[in-house]
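Analysis of the macromolecular model
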Amino acid sequence: MAIHKVLVVDDSKTELMFLSDMLQKNGFAVKTAENADDAMRRLEEERPDLILMDVVMPGQNGFQLTRAIARNPKYENLPIILCTSKNQETDRVWGMRQGAKDYIVKPVVAAELMSKISALA
């Protein structure tokens, strides 16, 4: 599956801008969401090829949203990469158990993120 459209979900406007810019410079079309409700609205509007998901957000967190998306047959095979400052191995394992395909720790290095995206394609 070719990855062209990416939905970035993060409550930090700084992170949204940083990740959007990085992805756009690498040829991806990017949409953003600042929380779980916003992310679900974006998913209804247009299915992305990949979701880049923060974990620590107000309301529904990234683990909960990842689980909800991964268990919804409508979004079957939609890869999610968790992108978070939570750098413990237990967080990575928990994230993968919720349905994430990969996990990257902030601050994000462009080469590492592009490698993880390429591995999903």
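Residues numbered from 1 in each chain as written. Predicted model: local features only at pLDDT ≥ 70, side-chain atom pairs only at ≥ 80, totals over all residues. Heavy atoms only, no water.

If you check an unreviewed UniProt entry, the chain appears there as Response regulator from Variovorax robiniae.

1. A short note on the sheet that holds strand S4 (residues 80–84)
Strand pairing in a sheet is mediated by backbone hydrogen bonds. Such pairs are either parallel or antiparallel. Pairing in this open sheet of 5 strands is parallel, and the strands run S2-S1-S3-S4-S5 from one edge to the other. Every interior strand has two partners, whereas the edge strands, strand S2 (29–33) and strand S5 (102–105), have only one. Across the sheet, the axes of successive neighbouring strands diverge by a mean angle of 20°, strand direction being ignored. Direction of pairing for S4 relative to S5: parallel, over a ladder of 4 bridges. Its bridge partner lying in S5, Cys83 is registered against Ile104. (Pairing = 2+ DSSP bridges. Helix = DSSP H or I, 4+ residues; strand = E, 2+ residues; numbered from the N terminus. Axes fitted to C-alpha atoms, helices over the stretch in contact; angles between N-to-C directions.)

2. A look at the nonpolar core
Counting 19 residues, the largest nonpolar core has Val9, Leu43, Ile51, Met53, Leu65, Ile69 and Leu82 as the members making the most contacts within it. When residues of this core are traced back to their parent elements, those giving at least two are strand S1 (5–9), helix H2 (36–45), strand S3 (50–53), helix H3 (62–70) and S4. Setting aside chain neighbours within four positions, we find Val9 in contact with Leu16, Ala33, Asn35, Ala39, Ile51, Leu52, Met53, Asp54, Met57 and Leu65. Judged by nonpolar contacts, the second largest core, of 18 residues, contains Leu23, Leu50, Ile81 and Ile104. (Core = buried A, V, L, I, M, F, W, Y, C linked by side-chain atoms within 4.5 Å. Buried < 20%, exposed > 50% of the residue type's maximum accessible area, 1.4 Å probe, protein only. Contact = heavy atoms within 4.5 Å.)

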